[in-house]
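In case you want the letters, here they are:
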Amino acid sequence: MQGKRILGVLSAAAITTMALASCSASAEDGGGETVLRVAFNQDINHPQAQALLQLSEELKTQTDGRYALELYTDETLGDQAATIEQVQSGTIDLAVVAGSLLENFEPDFSVVNLPYLYESPEHQMSVLNNPEVAGGLYDTLQDDNIQVLSAYHGGVRNVYSSDGPVETPADLSGQKIRVIGSDTNVRMMELMGGVGSPMAQGEVYTAIQSGVLDGAENNELIYSTLSHDEIAPYYSRTEHLMMPDYLVTSPTVWDGISEEDRAIFDELLTASVDTELELFGAAVEEATAAAEEAGAKFSEVDTEVFREATRPLHEELVTSEVAQTVYDAIEAARS
């Protein structure tokens, strides 16, 4: 039976702070506190959720109770695509969404979702949270009523399969591998040797179990917590992708916060990026150990083979001036 492993334990205070409530627009309570509703598709123990929890506590303290966050986890408000629409319409205030989904609004976002683009999670976060590198790209979303507040590390994605280890592109031949829905990811998997099959995360377990899919690609946390190790026990460290996640809001919500409180929020967001990165590293170790205990077999891969195989995607997608500027800045920031 499909289960879900829980990483870490929340304190009662944390649950109280971030407790789920009925869905409504931002509101002030009798004490003048504005609660910003945040949509999140993973569970409350995910490193990004934990980082937002800490941010909320600090935000409430440093704004003297003027602001706090309320986190709706486990796709309570819908999948990520649906929550982007709700941010745009003003139904909710903020959402954490996969970077590939923003390609549907601005194609140039494909440049930051390219395979083998970042040399480390630290490199990824340093460039994607640097306004001089990514600010121009983020500004292209303003006309779509979307504003990026912060980029978060979403893990290093690897291929896992029910058919055996994946050591070369030939091993993926004919295999249907779930990818996040974007043309970039479908093309990436094609170059890696497989067939990219977009599918909602909640459907993947059953699809692999029934043979509709042969496997998927994701980080160790998703692999373990969603029990994909039960039906696709071969986890190969292709390390092909570091897909950023973004905390997004609408310009209307952001402009409605005073300049003083926006400055506090910005400072706390910067700190939360480091917090999330540290928590993610620890969670990966725990998830890997849990998956191995469940019978998963982890294998190392010559990543250079897959790097070369996917290189054409860089040439195909880095075509505009905006994309080229961002790409060059990311490359220049390599150590």
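Refer to the preceding data block for the structure.
Now for a quick tour of the structure. These numbers were taken from a predicted model, which means no experiment stands behind them.

To continue, consider the overall build of the protein. The helix and strand inventory of the protein stands at 12 helices and 12 strands. At 20 Å, the protein has a C-alpha radius of gyration in line with the 20 Å of a compact globule built from 335 residues. Its C-alpha atoms give the protein principal-axis dimensions of about 60 × 50 × 35 Å. Residues classed as buried in the protein amount to 55% of the 335 residues present.

Turning next to the nonpolar core. Of all hydrophobic cores here, the largest spans 76 residues; its most connected members are Val111, Val112, Leu128, Tyr246, Leu247 and Phe265. No other element matches the six residues that helix α10 (residues 259-293) contributes to this core. With residues near it in sequence (within four places) discarded, Tyr246 still touches Ala95, Val96, Val97, Gly99, Leu102, Phe109, Val112, Leu128, Tyr138, Val148, Ser150 and Ala151. Judged by nonpolar contacts, the second largest core, of 14 residues, contains Val204, Tyr205, Ala207 and Ile231.

Right, let's talk about the pairing of strand β11 (residues 245-249) for a bit. In terms of burial, β11 is largely enclosed, as five of its five residues are buried. Taking every second residue as pointing to the same face, both faces of β11 are buried, with Asp245, Leu247 and Thr249 on one and Tyr246 and Val248 on the other. In the sheet, strand β4 (residues 94-98) pairs with β11 via four bridges, with the strands oriented antiparallel. Its bridge partner lying in β11, Ala98 is registered against Asp245. Looking at chain direction, strand β5 (residues 147-152) and β11 are connected through five bridges and run antiparallel. Looking at the pairing, Gln147 lines up with Thr249 of β11.

We now examine unusual backbone geometry. Backbone geometry at Asp74 places phi at a positive 55°, although glycine is not the residue there. Relative to the helices and strands, Asp74 resides in the loop between β3 (67-72) and α3 (80-89). On the basis of relative accessible area, Asp74 is assigned to the partly exposed category, the value being 41%. Non-glycine residue Glu75 carries a positive phi angle of around 60°. Among the structural elements, Glu75 can be located in the loop between β3 and α3.

Bringing the pattern of salt bridges into the picture now. The full count for this structure, using the stated rule, is 13 salt bridges. Among the salt bridges present, the one from Arg66 reaches Glu260, with a minimum N-O distance of 3.9 Å. Note that Arg66 is positioned in the loop between α2 (47-62) and β3 and Glu260 in helix α10, a separation of 194 residues in sequence. Of the charged contacts in the structure, one is a salt bridge between Arg66 and Asp261, with a shortest N-O distance of 2.7 Å. A residue pair is termed long-range when its members are at least 10 positions apart, and Arg66 in the loop between α2 and β3 and Asp261 in helix α10 qualify at 195 residues.

We now examine the sheet that holds strand β10 (residues 234-241). Pairing is mixed in the open sheet, where six strands are placed in the order β8-β7-β9-β6-β10-β12. Strands at the two margins of the open sheet, each flanked by one partner only, are β8 (195-198) and β12 (297-300). The mean inter-strand angle of the sheet, taken between neighbouring strand axes irrespective of direction, is 35°. Across two bridges, the pairing between strand β7 (residues 176-179) and strand β9 (residues 215-218) is parallel. When the bridges of β9 are listed, Ile177 appears paired with Gly215.

Right, let's get into the packing of aromatic side chains. The geometry of an aromatic ring pair is captured by the separation of the ring centres together with the interplanar angle, meaning the angle of the planes. Per the stated rule, a full pass over the model turns up nine aromatic pairs. Pairing Tyr160 with Tyr235 gives two aromatic rings, centres 5.9 Å apart and planes at 10°, and the pair type is stacked. In this pair, Tyr160 is assigned in strand β6 (residues 157-161) and Tyr235 in strand β10, connecting sequence segments 75 residues apart. For the ring pair Tyr235 and Phe298, a centre distance of 4.9 Å and an interplane angle of 45° mean the geometry is tilted. Of the two residues, Tyr235 is situated in strand β10 and Phe298 in strand β12; the sequence distance between them amounts to 63 residues. For Tyr235, a relative accessible area of 0% gives the class buried. An aromatic cluster is defined as three or more aromatic residues linked by ring pairs; in this entry it consists of Tyr160, Tyr223, Tyr235 and Phe298.

Moving on, we come to the side chain of Gln147. Looking at where Gln147 falls in the secondary structure, it is placed in strand β5. Take Gln147: its relative accessible area is 14%, and that puts it in the buried class. The residues contacting Gln147, other than those within four sequence positions of it, are Gln142, Leu247, Val248, Thr249, Ser250, Pro251 and Trp254.

Now for helix α5 (residues 131-139). Buried within α5 we find Val133, Ala134, Gly135, Leu137 and Tyr138. Packed against the buried residues of α5 are α4 (121-128), β5, β11 and α12 (321-332). At the N-terminal boundary of α5, the capping side chain belongs to Asn130, with an oxygen 2.9 Å from the backbone nitrogen of Glu132.

Parameters and conventions
- Residues numbered from 1 in each chain as written.
- Predicted model: local features only at pLDDT ≥ 70, side-chain atom pairs only at ≥ 80, totals over all residues.
- Heavy atoms only, no water.
- Helix = DSSP H or I, 4+ residues; strand = E, 2+ residues; numbered from the N terminus.
- Rg over C-alpha atoms; globule rule 2.2 N^0.38 Å.
- Buried < 20%, exposed > 50% of the residue type's maximum accessible area, 1.4 Å probe, protein only.
- Core = buried A, V, L, I, M, F, W, Y, C linked by side-chain atoms within 4.5 Å.
- Contact = heavy atoms within 4.5 Å.
- Pairing = 2+ DSSP bridges.
- Salt bridge = Lys/Arg side-chain N within 4 Å of Asp/Glu carboxyl O.
- Axes fitted to C-alpha atoms, helices over the stretch in contact; angles between N-to-C directions.
- Phe/Tyr/Trp six-rings, centres within 6.5 Å; stacked < 30°, edge-to-face > 60°.
- Polar contact = N/O pair within 3.5 Å; in protein donor to acceptor, adjacent residues only side chain to side chain.

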